[in-house]
Amino acid sequence: MIHSLLIAAPVLLYILTPLQKHARYILAAVVVGGLYLLFWPSTYKNYRLEKEGLHTVGTLLSKKCEIKNSQTISYKFRVGSKEYMGSRKPGAGNQACETFQVGDQVFITYLASDPNINTPEREVNSGVFLGIFFSFAMVGWLAWINAAQTRFRQEKLRKRAKNA
């Protein structure tokens, strides 16, 4: 919910504020850059898991499957002689949350340098390149929509001045 507001508020404010041509592009890049920074920690973690991640199997400790969009499983796994725990949404390669039973195997991807960074997925896709492409497209779209909004307001003011 809070992420939705953090995304929607600056985008709507940007769209509804008429700007000069150069400011339109600069501010669009700032808005999109801010949004990119908002998601950077999870994107970077997933990128590292995708490129450097090792795979193992863990054991399901508990699950919460009542609400479809916020399902989580808790699991433990062993790396060497040390045991680690995690709690996240079950990802690719694992069973659906509803079919999991306590004690079942969970596929896990973790970083060898820090096994505390892990995810219950067999394959991790960071989507970093898709995110970069989307960011450039979003800058262009925001600049275009702001230009259309500015033209609409100018036309409305011209009509108002003509009728007065």
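We now turn to the structure provided with this report. (Residues numbered from 1 in each chain as written. Predicted model: local features only at pLDDT ≥ 70, side-chain atom pairs only at ≥ 80, totals over all residues. Heavy atoms only, no water.)

All right, on to the pattern of salt bridges then. Overall, the coordinates contain three salt bridges when judged by the stated rule. Between Glu155 and Arg158 there is a salt bridge, with the nearest N and O atoms lying 3.6 Å from each other. You can see Glu155 and its partner Arg158 sitting in helix H3 (residues 128-163), three residues apart, about one turn around the helix. The partly exposed category is assigned to Glu155, whose relative accessible area is 35%. (Salt bridge = Lys/Arg side-chain N within 4 Å of Asp/Glu carboxyl O. Helix = DSSP H or I, 4+ residues; strand = E, 2+ residues; numbered from the N terminus. Buried < 20%, exposed > 50% of the residue type's maximum accessible area, 1.4 Å probe, protein only.)

The next subject is the packing of aromatic side chains. Here the structure, examined in full by the defined rule, presents five aromatic pairs. A network of ring pairs unites the aromatic residues Tyr75, Phe77, Tyr84 and Tyr110 as a single cluster. (Phe/Tyr/Trp six-rings, centres within 6.5 Å; stacked < 30°, edge-to-face > 60°.)

Successive residues of a regular strand alternate their side chains across the two faces of the sheet. For strand E1 (residues 54-64) and strand E4 (residues 105-110), the ladder comprises six bridges, and the chain directions are antiparallel. Residue pairing for E4: Gly58 is matched across the bridge by Val106. Of the strand pairs in this sheet, E1 and strand E2 (residues 72-79) are connected by five bridges, and their pairing is antiparallel. In the strand pairing of E2, Leu60 is matched with Tyr75. (Pairing = 2+ DSSP bridges.)

Sheet architecture is open: five strands sit in the order E3-E2-E1-E4-E5, paired in antiparallel fashion. Each edge of the sheet is formed by a strand with only one pairing partner; in this case those strands are strand E3 (82-88) and strand E5 (118-119).

We now examine a nonpolar patch on the surface. Side chains of Ile2, Leu5, Leu6, Leu38 and Phe39 sit close together on the surface and give an oily, nonpolar patch of about 430 Å² of accessible area. If you list the elements that add at least two residues to the nonpolar patch, you get helix H1 (2-16) and helix H2 (21-52). Broken down by element, the residue count for the nonpolar patch peaks at three residues, all from H1. Tracing the backbone through its elements, the reader meets Phe39 in helix H2. (Patch = residues over 30% accessible without salt bridge, like charges linked within 9 Å, V, L, I, M, F, W, Y side chains within 5 Å. Areas by Shrake-Rupley, 256 points an atom, 1.4 Å probe, with all protein chains shown as cover.)

Pairing of E2 with E3 involves seven bridges; the strand directions are antiparallel. Residue Ser74 lies in a different strand from E3, and its bridge partner there is Ser87.

This part takes up the nonpolar core. Core analysis: the biggest nonpolar cluster contains 12 residues, these being Val11, Tyr14, Ile15, Leu19, Ala28, Val31, Val32, Leu35, Met138, Val139, Leu142 and Ala143. Only H1, H2 and H3 provide two or more residues apiece to this core. Leaving out residues up to four positions away in the same chain, Val32 has contacts with Ser135, Met138, Val139 and Leu142. The next biggest cluster of nonpolar side chains, apart from the first, holds 11 residues, and it includes Phe77, Tyr84, Phe100 and Val106. (Core = buried A, V, L, I, M, F, W, Y, C linked by side-chain atoms within 4.5 Å. Contact = heavy atoms within 4.5 Å.)

Moving on: the packing of H2 against H3. Where H2 meets H3, the closest approach of the two axes is 9 Å, and the angle between their N-to-C directions is 155 degrees. One finds that H2 runs roughly antiparallel with respect to H3. As for the relative orientation of H2 and H3, their crossing is right-handed in sense. Contact with H2, carried on its side by Arg24, Tyr25, Ala28, Ala29, Val31, Val32, Tyr36, Thr43 and Tyr47, involves Val128, Gly131, Ile132, Ser135, Met138, Val139, Leu142, Ala143, Asn146, Ala147 and Thr150 of H3 and no other residues of that element. Looking at the contact of H2 with H3 residue by residue, the class counts come to 14 nonpolar, five polar and one charged. (Axes fitted to C-alpha atoms, helices over the stretch in contact; angles between N-to-C directions. Parallel < 35°, antiparallel > 145°, perpendicular 65-115°, else oblique. Left-handed = near helix turned anticlockwise from the far one by under 90°. Nonpolar A, V, L, I, M, F, W, Y, C, P; charged D, E, K, R; others polar.)

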